[in-house]
Amino acid sequence: MNIHFYLNENTGEEIDNDVNFDENDNPVFSEDLQNNFLLAEWETITANKNDTVTTISESEAMGYRSAAFYRYMEGYTNGYWMPDYTIFMSTAVDSESIWYKGVAQEFSYANGTTDNQEIKNALSLYTYSFCRLGDEPTKVEEYIPDYWNTDIPVEYETPNYVTYVPNYRTPVEPTKREYLTKKDLLTYTAS
């Protein structure tokens, strides 16, 4: 089981993050952890004892290249989420903490258990803290106009008319000039 807790902003610096198991092998989380989260998600898988399993944080599932990732929830939109701490519980002999776009855990029961007992369920827990970049945007109320309400007084602006006086040019009569005088046709004489 891979569990993800998104912690609220009011969570103090240190919270009791104890995880225990009841008699039926079910995880029991501390009251402090239960009272300080916004959202909890989990994945469960069934694997063979020879399989190698890697548990990762939500940052890979969200498609980002670093451990930080965006996830928008009511009141948590102006910022990003960062993995805070992780807990891994398993009795697998082959178990290694690795870095895969955040802290990850790789384990396999191929070589048995650490206590030479029957294989028990593994538990991986990730908590995420919100890194706020500024105030949350205020929600804008949608304005729906009431077109049928005729009681609204309408004030029109009084037009300011200006008399237009055209700027005509005074016409000038053309003066008649002398025409060219006609000349007789020239006679061509061959030389």
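Residues numbered from 1 in each chain as written. Predicted model: local features only at pLDDT ≥ 70, side-chain atom pairs only at ≥ 80, totals over all residues. Heavy atoms only, no water.

**As for the confidence of the model for the chain**
When pLDDT drops low, the exact placement of atoms in the prediction is not to be read closely.
And step 1. On average, residues of the chain score 84 in pLDDT, and 93% of them reach the 70 mark or higher.
And step 2. The lowest-confidence element of the chain is strand β2 (residues 19–21), averaging 74 in pLDDT; the highest-confidence one is strand β5 (residues 52–55), averaging 93. (pLDDT = per-residue confidence, 0-100. Helix = DSSP H or I, 4+ residues; strand = E, 2+ residues; numbered from the N terminus.)

**Things to note about the layout of surface pockets**
And step 1. What the largest pocket holds in volume is close to 590 Å³.
And step 2. Around the largest pocket, the lining is made up of 28 residues, and of these Met1, Ile45, Phe107, Asn121 and Ala122 lie nearest the centre.
And step 3. Those elements that place two or more of their residues in the lining of the largest pocket are β5, β8 (103–113) and β9 (123–132).
And step 4. A per-class count over the lining of the largest pocket returns 13 nonpolar, ten polar and five charged. (1 Å grid on protein atoms, 1.4 Å probe; cavity = no way out; pocket = protein on both sides within 12 Å on 5 of 7 lines; lining within 4 Å. Points joined across faces, edges and corners; volume = space filled by probe spheres on them. Nonpolar A, V, L, I, M, F, W, Y, C, P; charged D, E, K, R; others polar.)

**Quick look at the pattern of salt bridges**
And step 1. Inspection of the entire model under this criterion finds five salt bridges.
And step 2. Residue Lys120 pairs with Asp115 through a salt bridge whose shortest N-O separation is 4.0 Å.
And step 3. Here Arg132 makes a salt bridge to Glu136, at a shortest N to O gap of 2.5 Å.
And step 4. Here the salt bridges share partners, and the residues they tie into one network are Glu9, Arg132 and Glu136. (Salt bridge = Lys/Arg side-chain N within 4 Å of Asp/Glu carboxyl O.)

**Observations regarding the sheet that holds strand β4 (residues 37–43)**
Consider a sheet: its strands pair through backbone hydrogen bonds, and that pairing is either parallel or antiparallel.
And step 1. Taking strand neighbours across the sheet as the criterion, the four strands line up as β4-β1-β9-β6 in an open arrangement whose pairing is mixed. The open sheet terminates on both sides in strands that have one partner only, identified here as β4 and β6 (79–89). Across the sheet, the mean angle from the axis of one strand to that of its neighbour is 20°, orientation sign disregarded.
And step 2. Where β6 meets β9, ten bridges bridge the pair, whose relative direction is antiparallel. Bridged to Met82 within β9 is Ser129. (Pairing = 2+ DSSP bridges. Axes fitted to C-alpha atoms, helices over the stretch in contact; angles between N-to-C directions.)

**A look at the nonpolar core**
And step 1. Within the largest apolar cluster, ten residues are counted, these being Ile3, Phe5, Leu7, Val19, Phe29, Leu33, Tyr85, Ile87, Leu123 and Leu125.
And step 2. Elements represented by at least two residues in this core include exactly β1 (2–7), β6 and β9.
And step 3. Residue contributions to this core peak at three residues, all from β1.
And step 4. One finds Trp81, Ala104, Tyr126 and Tyr128 within the second-largest nonpolar core, a separate group that totals nine residues. (Core = buried A, V, L, I, M, F, W, Y, C linked by side-chain atoms within 4.5 Å. Buried < 20%, exposed > 50% of the residue type's maximum accessible area, 1.4 Å probe, protein only.)

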